[in-house]
Amino acid sequence: MASRANQRILLACALLCAAALPCADSSRLSAAESQPQPSAAAKFPVASAARLAGDAKQTRFILDLDRTVTFRAVTLADPYRVVVDVPQVNFQLPSGTGAGGRGLVKAFRYGLVMPGGSRIVFDLTGPARIANSYVLEAANGQPARLVLELEEVDRAAFVQSIAPELRPTLGAAPPATVPAAAAPEPIQQKPTATADGRPVVVIDPGHGGIDNGTQSSGESEKNLVLAFALALRERLDKTGKYRVVMTRDDDTFIALNDRVKVARTLNAALFVSIHADALPRAEGDAQGATIYTLSDKASDAEAERLADAENRADAIAGVNLAEEPTDVADILIDLAQRETRTFSNRFARLLMGEMKTTVRMHKHPLKSAGFRVLKAPDVPSVLVEIGYVSNKGDLQHLVSEGWRSRAVGSMGQAIDAFLAKRLATAGAGN
Ligand SMILES: [Zn+2]
């Protein structure tokens, strides 16, 4: 186990730092191979209530805490947001807190963005500046409080008010050169096994931490897909044939680019992202699992809607999109991706063949769209929506251990078949 621990790939936290996150423990932003840590929630400050006051000119946010905390508040543009980073906080707020807004705040959400770090993200109705922000000690029977006062401004004043490194480009031309941090890595076309000869399979449970994903009947996508992914890891580990790496194995937020980076850095032979969709009520009901591969143009309107929704994960978690480097230059993606796409499509078909024997599939089970998480140019990647949390029957499956183990079994079969063929081909020197 020690050598496995040593193989942990440490992800640069530059992306999160760019979003003004405390990078106190960057080593935990790593590809997770360890077992989840037992919760130590008791030692963290507890937030017991949150409220908004004021109007569309001036809006105040107040968070009640059982002790004072340090914090950092920044504004972000496109979309307009305020991000407040605090040390890890145990949020014990009534359910539904933040779903509705007031004044300048459309809605807000809160949660873990990394072990040791929590975040509150406010969606704003328009540009606003932080007029004041402070923490009050408990006094006169009042708990400790974190207070944020927002004030309406126009866009020009808004842009001036935010830190230069967080400013959007405002339509300026993108830099002509790729920044050093985003320099393309060499494109590798063949699956490369690790030092111990085993291919790497990356399992990517969607969402996490502050980003719940879709929600229905008290179930969150982030928890359902984590349970599924952990079961899939167990199934694959049992064979002893692969080095299985998870992008997260606990309730932590991971930015989309960092998920892709795990696969690329490890030269993974396969990347499987696990999600559970929900259909907006106005669009009726849908059911069954769908397997997605990457394409520039979505295969249909539903695929496009879904990719848009999944690609919003970073904005939801308060990552500064204006600063986010692209993983590789577009031209390289285009050239290298053709072969990778062939393999992704092959795996998607294999997966459908196996899954349809145990799992109810969507009426169009193979689709494609521009999912950011599938953009590793050199790693065959698929995204599986294992079902609809918005559908009663699917939700019953998603929370059932029996269903999960059957579905995971089928997925494991497809992975076995895909990699057996892929490695045999590579071993033959072609
Ligand atoms: Zn999702």
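In case you missed it, the structure is sitting above this.
Presented here is an overview of the structure given in this document. Since the structure is predicted, the reported quantities are computational estimates derived from the model, not experimental observations.

About the cut-offs
- Residues numbered from 1 in each chain as written.
- Predicted model: local features only at pLDDT ≥ 70, side-chain atom pairs only at ≥ 80, totals over all residues.
- Heavy atoms only, no water.
- Helix = DSSP H or I, 4+ residues; strand = E, 2+ residues; numbered from the N terminus.
- Expected span 1.5 Å × (residues − 1).
- Buried < 20%, exposed > 50% of the residue type's maximum accessible area, 1.4 Å probe, protein only.
- Contact = heavy atoms within 4.5 Å.
- Donors = N, O, S within 2.8 Å, 3.2 Å for Na, K, Ca; no water.
- Pairing = 2+ DSSP bridges.
- Phe/Tyr/Trp six-rings, centres within 6.5 Å; stacked < 30°, edge-to-face > 60°.
- Arc of directions from axis to C-beta.
- Polar contact = N/O pair within 3.5 Å; in protein donor to acceptor, adjacent residues only side chain to side chain.
- 1 Å grid on protein atoms, 1.4 Å probe; cavity = no way out; pocket = protein on both sides within 12 Å on 5 of 7 lines; lining within 4 Å.
- Points joined across faces, edges and corners; volume = space filled by probe spheres on them.
- Nonpolar A, V, L, I, M, F, W, Y, C, P; charged D, E, K, R; others polar.

A closer look at helix 4 (residues 221–239)
At step 1: Look at helix 4: 28 Å from first C-alpha to last across 19 residues, which is about the 27 Å you get at 1.5 Å a residue.
At step 2: Among the residues making up helix 4, those that are buried are Glu-221, Lys-222, Leu-224, Val-225, Leu-226, Phe-228, Ala-229, Leu-232, Arg-233, Arg-235 and Leu-236.
At step 3: Of the residues trailing helix 4, Gly-240 is marked for its positive phi of about 70 degrees.

With respect to the environment of Ala-276
At step 1: Mapped onto the elements, Ala-276 comes out in strand 14 (residues 270–277).
At step 2: For the pair Ala-276 and Ser-220, spaced 56 residues apart in sequence, the C-alpha to C-alpha distance is 9.1 Å.
At step 3: Look past the residues within four positions of Ala-276 in its chain and what remains in contact with it is Thr-214, Glu-221, Val-225, Glu-385, Ile-386, Gly-387, Val-389 and Leu-398.

Overview of the coordination of the zinc ion
Octahedral six-donor coordination of a metal ideally yields angles of 90 or 180 degrees, compared with 109.5 degrees for tetrahedral four-donor coordination.
At step 1: Within the protein, the atoms that donate to the zinc ion are His-207 (NE2), Glu-221 (OE), His-275 (ND1), Glu-310 (OE) and Glu-310 (OE), at distances of 2.0 to 2.3 Å.
At step 2: In primary sequence terms, the donor set of the zinc ion follows H-x13-E-x53-H-x34-E. Placement of the pair is Glu-221 in helix 4 and His-275 in strand 14, with a sequence separation of 54 residues. Each member of the pair, Glu-221 as well as His-275, carries the same accessibility label: buried.

Things to note about the pairing of strand 6 (residues 105–114)
At step 1: Within strand 6, seven of the ten residues are buried, which leaves it mostly tucked inside the rest of the structure.
At step 2: The pairing of strand 6 with strand 7 (residues 117–124) spans eight bridges and is classified as antiparallel. The residue bridging Met-114 from the neighbouring strand is Gly-117, located in strand 7.
At step 3: The turn joining strand 6 and strand 7, which pair antiparallel and follow one another in sequence, is formed by two residues; a positive phi near 90 degrees is taken by Gly-116.

Observations concerning the packing of aromatic side chains
At step 1: Using the criterion set out here, one finds eight aromatic pairs in the structure.
At step 2: Here the aromatic cluster, defined as three or more aromatic residues joined through ring pairs, consists of Phe-61, Phe-108 and Phe-122.

Quick word on helix 6 (residues 301–311)
At step 1: When we look at burial in helix 6, the residues that qualify are Glu-302, Ala-303, Leu-306, Ala-307, Glu-310 and Asn-311. The buried residues of helix 6 occupy an angular sector of 160 degrees when the element is viewed end-on, so they sit on one face.
At step 2: The N-cap residue of helix 6 is Asp-300: its side-chain oxygen and the backbone nitrogen of Glu-302 are 3.1 Å apart.

A short note on empty space enclosed by the protein
At step 1: Here the structure, examined in full by the defined rule, presents six cavities of 30 Å³ or more.
At step 2: If you add up the space inside the largest cavity, you get close to 90 Å³.
At step 3: If you go around the largest cavity, you meet 16 residues; those closest to its centre are Leu-256, His-275, Glu-310, Ala-313 and Val-373.
At step 4: The set of elements that each furnish at least two residues to the lining of the largest cavity consists of helix 5 (256–265), strand 14 and helix 6.
At step 5: Considered as a void within the structure, the second largest cavity measures approximately 70 Å³ in volume.
At step 6: What lines the second largest cavity is simply Thr-293, Leu-294, Gln-337, Thr-340, Arg-341, Ser-344, Asn-345, Leu-374, Ala-376, Val-379, Pro-380 and Ser-381.
At step 7: Listed by contribution, the elements that provide at least two residues to the lining of the second largest cavity are strand 15 (289–294) and helix 8 (330–355).
At step 8: The element contributing the most residues to the lining of the second largest cavity is helix 8, with five residues.
At step 9: Here the lining of the second largest cavity is built from residues that sort into five nonpolar, six polar and one charged.

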